[in-house]
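Here's the letter readout for the chains.
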Amino acid sequence: ERSASSNDKDGFQMTREEYDGILKSAKDPKFHKMFAEYVDEISDPKHREEQNEYIKQMEAGGHLPPNKRLLYPKSGFVIKT
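Quick notes on the rules
- Residues numbered from 1 in each chain as written.
- Predicted model: local features only at pLDDT ≥ 70, side-chain atom pairs only at ≥ 80, totals over all residues.
- Heavy atoms only, no water.
- Helix = DSSP H or I, 4+ residues; strand = E, 2+ residues; numbered from the N terminus.
- Buried < 20%, exposed > 50% of the residue type's maximum accessible area, 1.4 Å probe, protein only.
- Areas by Shrake-Rupley, 256 points an atom, 1.4 Å probe, with all protein chains shown as cover.
- Axes fitted to C-alpha atoms, helices over the stretch in contact; angles between N-to-C directions.
- Parallel < 35°, antiparallel > 145°, perpendicular 65-115°, else oblique.
- Contact = heavy atoms within 4.5 Å.
- Nonpolar A, V, L, I, M, F, W, Y, C, P; charged D, E, K, R; others polar.
- Polar contact = N/O pair within 3.5 Å; in protein donor to acceptor, adjacent residues only side chain to side chain.
- Phe/Tyr/Trp six-rings, centres within 6.5 Å; stacked < 30°, edge-to-face > 60°.

**Some thoughts on the overall build of the protein**
Here is step 1 of the chain: In terms of regular secondary structure, the protein is built from three helices and two strands.
Here is step 2 of the chain: Ordering the α and β elements of the protein from the N terminus gives β-β-α-α-α.
Here is step 3 of the chain: Buried residues in the protein amount to 1% of all 81 residues.
Here is step 4 of the chain: Here the protein displays about 8,300 Å² of accessible surface, and carbon together with sulfur accounts for 56% of that area.

Structure below.
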């Protein structure tokens, strides 16, 4: 059984089993360690160029969801309030 969330704009639906699995993983220290390693890896500037090339390949090959486009942020300033 699938039930869509009320904020569901793209048709995404999650089963109760999937939801429970995410909650269980979020409590697992091994998951936290693996997730922290993943965040460190994708945040490392030495991997950024490789990631950007992969994204460009996916975009050029038409592997994006229909009616979607990638945004390429530019450096700037943020005012924190």
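**Quick word on unusual backbone geometry**
Here is step 1 of the chain: A positive phi angle is found at Asn67, which is not glycine, with a value near 60 degrees.
Here is step 2 of the chain: Of note, Asn67 is situated in the segment after helix 3 (45–60).

**What about the packing of helix 2 (residues 29–43) against helix 3?**
Here is step 1 of the chain: Between helix 2 and helix 3, the least distance of the axes is 6 Å, while the angle of their chain directions is 80 degrees. As summarised for this structure, helix 2 and helix 3 are arranged roughly perpendicular, according to the angle between their axes. Contact with helix 2, carried on its side by Glu41, Ile42 and Ser43, involves Pro45, His47, Arg48 and Gln51 of helix 3 and no other residues of that element.
Here is step 2 of the chain: Considered class by class, the residues forming the contact of helix 2 with helix 3 number two nonpolar, three polar and two charged.

**Section: the environment of Ser43**
Here is step 1 of the chain: Following the sequence through the fold, Ser43 ends up in helix 2.
Here is step 2 of the chain: Separated by 2.7 Å, the side chain of Ser43 and the backbone oxygen of Val39 make a polar contact.

**Re the packing of aromatic side chains**
Here is step 1 of the chain: The full count for this structure, using the stated rule, is two aromatic pairs.
Here is step 2 of the chain: Summarising the aromatic geometry, the rings of Phe31 and Phe35 are spaced 5.9 Å apart at their centres and angled 15 degrees between planes, so their arrangement reads as stacked. Within this pair, Phe31 and its partner Phe35 are both found in helix 2, separated by four residues, close to a single helical turn.
Here is step 3 of the chain: The class for Phe31 is partly exposed, based on a relative accessible area of 36%.
Here is step 4 of the chain: Measuring from ring centre to ring centre gives 6.2 Å for Phe35 and Tyr38, while their planes differ by 40 degrees; the resulting arrangement is tilted. Placement of both Phe35 and Tyr38 in helix 2 is noted, with a separation of three residues, approximately one turn of the helix.
Here is step 5 of the chain: Aromatic ring contacts, followed pair by pair, group Phe31, Phe35 and Tyr38 into a single cluster.

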